[in-house]
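Residue-level listing of the chains:
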Amino acid sequence: MEYRTIIEPFRIHSVQAIDLPDLAQRERALERSGFNLFGLHADEIIIDLLTDSGTGAMSSNQWAGMMRGDESYAGSRSFFRFEAAVKDITGMDEVIPTHQGRAAEKILFSVAVSEGDVVPNNTHFDTTRANVEYQGAEARDLVIAEGTDPSAILPFKGNMDVERLRRTIEEVGPDRVPLVMVTVTNNSGGGQPVSMANLREVRAVCDEFGVPLYLDACRFAENAWFIKLREPGYEDKTPREIAREMFSYADGATMSAKKDGLANIGGFLATNDQEISLNARNLLILTEGFPTYGGLAGYDLEAVAIGLDEVLDENYLNYRIRSTAYLAETISNAGVPIVQPPGGHAVYIDAATLLPHIPPHEYPAQALAIELYRAGGVRGVEIGTVMFGRPDPSGGPDTSAAMELVRLAVPRRTYTQSHIDYVGEVVIDVAGRASSLRGLRIVDQPAWLRHFTARFSRL
Ligand code: F0G
């Protein structure tokens, strides 16, 4: 008999207590934080789905590996284990450790991108966009049209629109396109995967114009699993084989090991370009640390090296993708509109559809995220006009984002099915009274990455 329940393929070895503060405490916390969930204290939250980044549980193997961490400033053994693990998957010549993904982006774009350039991506993540813009370049999102339609059901909604990519390079001129990036999976577009066929097509366009291709590889293993499940010809390949093929089409990659590195901190820049790696290493020494530790402890390098191996385990990936789909099914079967099909690391509630009475410049997804916290102590994150909109310099309404989403990101190996059932209950309750929610107004915001620190008031 084969039983159908897909279990968490681990048992719990060490626990951390969580508790639900009462309603009055939650309301006070919201006032204090200016209705910005980034301002909450972790103790004020019972289930924290703010991010899947650095929030997962490490395995006993990773903790054991950390005990062998070699803290040599230069040439640490742990670095060579880390480098071997990264090379094994990416096949790339140069591996530069960084403290997290955005540090890899910062050094890559600092050495490769100039003012006036255009960087195409299926969809830039917020830090990726900010790092491109910080160089005075333009970050252009070229995901396929269905990629911004929450209800369109497609196996690979993260794909790049290859025709728009070609037209963009022709219009801008290849000299002003220093690199093309593809984000796997497409986080800002709903955690949607990119197909191998699409990667091959993007590669062909890059070759046509002599432009390098980089992967934003944070969730490469989840993307590989979706390819195995959904793309003909890959059903019998291992996740590692699929991941290797994905990386084989790229000239380089940036990675946040806080996601599919199964670590709490870490990242890297990998590249086949000697000149970029030379310049990136020089900058790394200035901002992150010597090239054999890149701002990490030796024990962090060990945790990532082991995590990169564990993340490609089929039982793990099967559980991972299935447990995210379970949350998606729980709420969507109750009529809550979500981005379909569910992503790998998160479920994205479609706040524009759920709250049609709140216009984008009154931040419907922020209003929903706030209420999920107020009602049930659950923290998600707005991925909409707060994150991607821009204030109008003449004081009119913000330019709006392509979608208004609340992302419920599932930390890896951290919550059990009953935690997820509880989240489902909270979401369904709040969605049932969505028409009574009101929008928000921004009272204070910084020039960059406003969603982290902006303060709001209720309308
Ligand atoms: N690229 C993507 C696609 C990401 O999702 C992230 C981080 C980064 C780059 C930057 O990596 O955080 O290690 O500097 N995403 C997190 C999130 C923060 O919540 O989705 P980092």
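Residues numbered from 1 in each chain as written. Predicted model: local features only at pLDDT ≥ 70, side-chain atom pairs only at ≥ 80, totals over all residues. Heavy atoms only, no water.

Some points on the site of the ligand
Then, in step 1: Contacts to the ligand come from 18 residues, most closely from Thr51, Arg102, Ser256, Lys259 and Arg407.
Then, in step 2: In the environment of the ligand, a nitrogen atom lies 2.7 Å from a nitrogen or oxygen atom belonging to the side chain of Asp216.
Then, in step 3: The separation between an oxygen atom of the ligand and a polar side-chain atom of Arg407 is 2.7 Å.
Then, in step 4: Starting from 470 Å² of accessible surface for the ligand in isolation, the protein chains cover 94%.
Then, in step 5: Judged by the proximity of its atoms to the pocket grid, the ligand belongs to the largest cavity.
Then, in step 6: For the shell around the ligand, the secondary-structure elements that each account for two or more residues are helix 4 (101-112) and helix 5 (126-134).
Then, in step 7: For the shell around the ligand, the leading source of residues is helix 4, giving 3 residues. (Near = heavy atom within 4 Å. Polar contact = N/O pair within 3.5 Å; in protein donor to acceptor, adjacent residues only side chain to side chain. Areas by Shrake-Rupley, 256 points an atom, 1.4 Å probe, with all protein chains shown as cover. 1 Å grid on protein atoms, 1.4 Å probe; cavity = no way out; pocket = protein on both sides within 12 Å on 5 of 7 lines; lining within 4 Å. Sits in = over half its atoms within 2 Å of the grid points. Helix = DSSP H or I, 4+ residues; strand = E, 2+ residues; numbered from the N terminus.)

Details of the domain arrangement of the protein
Then, in step 1: In terms of domains, the protein is made up of domain 1 (23-52 + 314-458) and domain 2 (60-310).
Then, in step 2: Here the C-alpha centre of domain 2 lies 26 Å away from the C-alpha centre of domain 1.
Then, in step 3: In total, about 2,800 Å² of surface goes out of reach between domain 1 and domain 2, with carbon and sulfur atoms giving 61% of it.
Then, in step 4: Taken together, domain 1 and domain 2 are joined by 7 salt bridges.
Then, in step 5: A salt bridge links Glu314 to Lys228, with the nearest nitrogen and oxygen atoms 3.8 Å apart.
Then, in step 6: Taken together, the elements giving at least two residues each to the side of domain 1 that touches domain 2 come down to helix 12 (314-333), strand 9 (346-350), helix 15 (385-388) and strand 12 (405-409).
Then, in step 7: Considered class by class, the residues forming the side of domain 1 that touches domain 2 number 17 nonpolar, 6 polar and 8 charged. (Domains from an automatic or database assignment. Buried area = accessible area lost by both parts, 1.4 Å probe. Salt bridge = Lys/Arg side-chain N within 4 Å of Asp/Glu carboxyl O. Nonpolar A, V, L, I, M, F, W, Y, C, P; charged D, E, K, R; others polar.)

Quick notes on the pattern of salt bridges
Then, in step 1: With the rule as written, the count across this model stands at 32 salt bridges.
Then, in step 2: Residue Glu245 is joined to Arg200 by a salt bridge in which the shortest nitrogen-to-oxygen separation is 2.9 Å. Here Glu245 is found in helix 9 (residues 239-248), whereas its partner Arg200 is found in helix 7 (residues 196-209), with 45 residues between them in sequence.
Then, in step 3: Arg200 gets classed as partly exposed once you look at its relative accessible area, which sits at 37%.
Then, in step 4: The closest approach of N and O atoms between Arg203 and Asp207, which form a salt bridge, is 2.8 Å. In this pair, Arg203 and Asp207 are both assigned in helix 7, 4 residues apart and thus about one turn of the helix distant. (Buried < 20%, exposed > 50% of the residue type's maximum accessible area, 1.4 Å probe, protein only.)

Some remarks on the sheet that holds strand 6 (residues 213-216)
Then, in step 1: The strand order across the open sheet built from 5 strands is 2-8-7-6-5, with neighbouring strands paired in mixed fashion. Of all strands in the sheet, those with a lone pairing partner are strand 2 (94-98) and strand 5 (180-183), marking the two edges. Taking each pair of neighbouring strands and ignoring which way they run, the sheet shows an average axis angle of 15°.
Then, in step 2: The pairing of strand 6 with strand 7 (residues 252-256) spans 3 bridges and is parallel. Residue Asp216 lies in a different strand from strand 7, and its bridge partner there is Thr254.
Then, in step 3: Taken strand by strand, helix 3 (residues 77-90) contacts strand 2 and strand 8 (267-271), and its axis lies near 120° from that of strand 2.
Then, in step 4: Helix 4 contacts strand 2, strand 5, strand 6, strand 7 and strand 8 of the sheet and is inclined by roughly 150° relative to strand 7. (Pairing = 2+ DSSP bridges. Axes fitted to C-alpha atoms, helices over the stretch in contact; angles between N-to-C directions. Contact = heavy atoms within 4.5 Å.)

Digging into unusual backbone geometry
Then, in step 1: Residues Val184 and Thr185 are joined by a peptide bond in cis, for which omega reads -20°.
Then, in step 2: Following the sequence through the fold, Thr185 ends up in the loop between strand 5 and helix 7.
Then, in step 3: Here the bond from Gln340 into Pro341 is cis, since omega is -15°, no more than 30 degrees from zero.
Then, in step 4: Mapped onto the elements, Pro341 comes out in the loop between helix 12 and strand 9.
Then, in step 5: Phi is positive for Leu262, which is not a glycine, with a value near 50°.
Then, in step 6: As for its position among the elements, Leu262 is in the loop between strand 7 and strand 8.
Then, in step 7: Under the relative-accessibility criterion, Leu262 is labelled buried at 5%.
Then, in step 8: Even without glycine at this site, Leu449 takes up a positive phi of about 45°.
Then, in step 9: Residue placement: Leu449 occurs in the loop between strand 13 (440-444) and strand 14 (455-458).

Observations concerning the pairing of strand 8
Then, in step 1: Most of strand 8 sits inside the fold, with 5 of its 5 residues counted as buried.
Then, in step 2: Of the pairings in the sheet, the one linking strand 2 to strand 8 comprises 5 bridges and is antiparallel in character. Among the inter-strand pairings, Val95 is bridged to a residue of strand 8, identified as Ala270.
Then, in step 3: Inspection of the sheet shows strand 7 paired to strand 8 by 5 bridges, in the antiparallel sense. When the sheet's bridge partners are listed, Ala253 is paired in strand 8 with Ala270.

Topic: the nonpolar core
Nonpolar side chains in soluble globular proteins generally cluster together in the buried interior.
Then, in step 1: Judged by nonpolar contacts, the single largest core of 61 residues is most densely connected at Val180, Val182, Val202, Phe220, Met246 and Leu308.
Then, in step 2: Viewed by domain, this core spans two of them, domain 1 (23-52 + 314-458) and domain 2 (60-310), each represented by three or more residues.
Then, in step 3: Met246 has contacts with Val184, Met196, Leu199, Leu215, Phe220, Asn223, Ala224 and Ile227, leaving out every residue within four places of it along the chain.
Then, in step 4: Core analysis: the second largest hydrophobic core is formed by 45 residues, Leu30, Ile370, Val378 and Val423 among them. (Core = buried A, V, L, I, M, F, W, Y, C linked by side-chain atoms within 4.5 Å.)

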